[in-house]
Amino acid sequence: MSREIQIRRATPDDAEALARIFDTPRAIAGTLQIPHMSVEFRRKRLADADEHTYPLAAVVDNEVVGQLTLHENTRARRKHTGSLGMAVRDDWQGQGVGTALMEACIDLADNWLNLHRLELEVFVDNEPAIHLYQKFGFVIEGRLVDYGFRDGVYVDTFVMGRIRPTIDTHPEQEK
């Protein structure tokens, strides 16, 4: 029996749960985060999030098991874009948490923020994440060589992007 995954805005009160996510080996290995960041650092980051930053939490049975942060670009010629990063606690990977977070992110980007383009970086060996992003229309646009440092070695990342599909919102106006 699957449990309901709820998505809501992450708050400073979620800092301990977010620290637990990034304390799991697969979750931290799949991100550019540093292990063992303090709970206070995470709390401050959430408290200081500006109006162009959307931290989302995936919650199951009142427990935060995943997170995604969407950043709107504020540069004048890049306001149509956003970037995202996410992580799911190891024991919740493969159970729909990433899908629920991506659905909420895409809805927010497409239907509320009017973002035309979404961007992300993902380690080239993170096949589950790459597959998830491709499921949501992201395509590999390039490879950054030695982009991140993980477990004592440099690791390449893919740059992936998604252009919002165009939808004819007024088909009745066809001539």
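As shown above, the structure is provided for reference.
Residues numbered from 1 in each chain as written. Predicted model: local features only at pLDDT ≥ 70, side-chain atom pairs only at ≥ 80, totals over all residues. Heavy atoms only, no water.

Caption draft 1: Structural detail: the overall build of the protein. The helix and strand tally for the protein stands at five helices and seven strands. Listed by position from the N terminus, the elements making up the protein come as β-α-α-α-β-β-β-α-β-α-β-β. Against the 2.2 N^0.38 benchmark of 16 Å for 175 residues, the protein shows a C-alpha radius of gyration of 17 Å, consistent with a compact globule. Taken across its 175 residues, the protein has 42% of its residues classed as buried. A total accessible area of about 10600 Å² is found for the protein, and carbon and sulfur atoms account for 51% of it. Each charge class in the protein was averaged separately, 21 positive and 28 negative side chains, and the resulting centres sit 4 Å apart. (Helix = DSSP H or I, 4+ residues; strand = E, 2+ residues; numbered from the N terminus. Rg over C-alpha atoms; globule rule 2.2 N^0.38 Å. Buried < 20%, exposed > 50% of the residue type's maximum accessible area, 1.4 Å probe, protein only. Areas by Shrake-Rupley, 256 points an atom, 1.4 Å probe, with all protein chains shown as cover. Lys, Arg positive; Asp, Glu negative; His and termini not counted. Charge placed at Lys NZ, Arg CZ, Asp CG, Glu CD.)

Caption draft 2: Expanded view of the pattern of salt bridges. Inspection of the entire model under this criterion finds twelve salt bridges. Linking Arg78 and Glu119 is a salt bridge whose minimum nitrogen-to-oxygen distance equals 2.8 Å. Of the two residues, Arg78 is situated in the loop between strand E3 (63-72) and strand E4 (81-88) and Glu119 in strand E5 (residues 117-123); the sequence distance between them amounts to 41 residues. Looking at Arg78, the relative accessible area reads 27%, which means it is partly exposed. A relative accessible area of 15% places Glu119 in the buried class. With a closest N to O distance of 2.7 Å, Glu119 and Arg117 form a salt bridge. Residue Glu119 shares its accessibility class with Arg117, and that shared class is buried. (Salt bridge = Lys/Arg side-chain N within 4 Å of Asp/Glu carboxyl O.)

Caption draft 3: Molecular detail of the nonpolar core. Residues Leu68, Leu70, Leu84, Met102, Tyr133 and Phe138 are the most contacted members of the largest nonpolar core, which totals 31 residues. Those elements that provide at least two residues to this core are strand E2 (53-60), E3, E4, helix H4 (97-112), E5, helix H5 (127-135) and strand E7 (153-163). Per-element accounting of this core gives the leading share, seven residues, to H4. Apart from residues lying up to four places away in sequence, Tyr133 is in contact with Met86, Met102, Leu120, Val122, Phe138 and Met160. (Core = buried A, V, L, I, M, F, W, Y, C linked by side-chain atoms within 4.5 Å. Contact = heavy atoms within 4.5 Å.)

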